[in-house]
Amino acid sequence: GISSGHIPLGAAVMNSKIYDTIGELQDERLPLMHGFTYMNHPVSCAAGLANIQVIEEQGLVKNSEENGKYLLEGLNRLRRYDSVGDVRGMGMLASIELVADKEKKTPILPENSAPELLVEECWNRGLYIRSSTMETVCIAPALIMDRKTIDRIIEILDQAIPAMEKKLGVRD
């Protein structure tokens, strides 16, 4: 996420306790050696720095926090459906867990059919979400997303979930 996917760039971050524990077992010159052919490429690093600047200047972390709470509130209203077992998220990343039984958290059979069908129903309505292999769908709007668009996301999901339930024979 450092470069928002514009160019390959990644980082690993850990607290000092973990770093020190790893370092105790390693050569003191290389307490944590990790590298690849393309690491530290100047173009990738420049893109990362430019992206961080945009994130800071446009207040995207704060926007993500505030609109992420708004997104989660909207998604939580979808718990009224029999197939929605859980809703969780942080910032502008959220997921909906789909189940046959909310108490037991059993999957709708055949397994992973519900997430795949919900993705299809959403895509047919103009919302691009993705399925995971853990009986969930993931919603990851951009950090710049506004509340009007978030409302549209919820509206589409509110239409797609009952359509998915009907096709899979889940109770209303």
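The following paragraphs examine the structure supplied in this document. (Residues numbered from 1 in each chain as written. Predicted model: local features only at pLDDT ≥ 70, side-chain atom pairs only at ≥ 80, totals over all residues. Heavy atoms only, no water.)

1. Some remarks on the nonpolar core
L75, I96, L118 and L157 are the most contacted members of the largest nonpolar core, which totals 30 residues. Taken together, the elements giving at least two residues each to this core come down to helix 3 (60-76), strand 1 (84-90), strand 2 (93-98), helix 4 (113-124), strand 4 (136-139) and helix 5 (147-168). (Core = buried A, V, L, I, M, F, W, Y, C linked by side-chain atoms within 4.5 Å. Buried < 20%, exposed > 50% of the residue type's maximum accessible area, 1.4 Å probe, protein only. Helix = DSSP H or I, 4+ residues; strand = E, 2+ residues; numbered from the N terminus.)

2. So, the sheet that holds strand 2
Read from one edge to the other, the open sheet built from four strands follows the order 1-2-4-3, with strand pairing classed as antiparallel. This sheet does not close on itself; its edge strands, each paired only once, are strand 1 and strand 3 (130-131). One ladder, built from six bridges, connects strand 1 with strand 2; its direction is antiparallel. Counterpart to D86 in the pairing with strand 2 is E97. (Pairing = 2+ DSSP bridges.)

3. As for the pattern of salt bridges
Enumeration according to the criterion identifies 10 salt bridges in this entry. A salt bridge links R88 to D86, with the shortest nitrogen-to-oxygen separation between them at 2.8 Å. The residue R152 makes a salt bridge to E155 at a minimum N-O spacing of 2.7 Å. With R152 and E155 both in helix 5 and three residues apart, this pair spans about one turn of that helix. When its relative accessible area of 36% is taken as the criterion, R152 is described as partly exposed. For E155, a relative accessible area of 40% puts it in the partly exposed group. (Salt bridge = Lys/Arg side-chain N within 4 Å of Asp/Glu carboxyl O.)

4. Observations concerning the side chain of S44
As for its placement among the helices and strands, S44 is situated in helix 2 (residues 42-57). Leave out the neighbours within four places in its chain, and S44 touches I7, P8 and L9. (Contact = heavy atoms within 4.5 Å.)

5. Let's talk about the packing of helix 4 against helix 5
Running from N to C, helix 4 and helix 5 point in directions that differ by 130°, and their axes come no closer than 9 Å. When the axes of helix 4 and helix 5 are compared, the pair comes out oblique. Along this stretch, helix 4 crosses helix 5, giving a crossing that reads as right-handed. Residue-level contacts link S113, A114, L117, L118, E121 and C122 of helix 4 to I156, L157, A160, I161, A163, M164, K167 and L168 of helix 5. Of the residues assigned to the contact of helix 4 with helix 5, the class counts are 11 nonpolar, one polar and two charged. (Axes fitted to C-alpha atoms, helices over the stretch in contact; angles between N-to-C directions. Parallel < 35°, antiparallel > 145°, perpendicular 65-115°, else oblique. Left-handed = near helix turned anticlockwise from the far one by under 90°. Nonpolar A, V, L, I, M, F, W, Y, C, P; charged D, E, K, R; others polar.)

Note that all results are geometric; they support no functional claim without further evidence.
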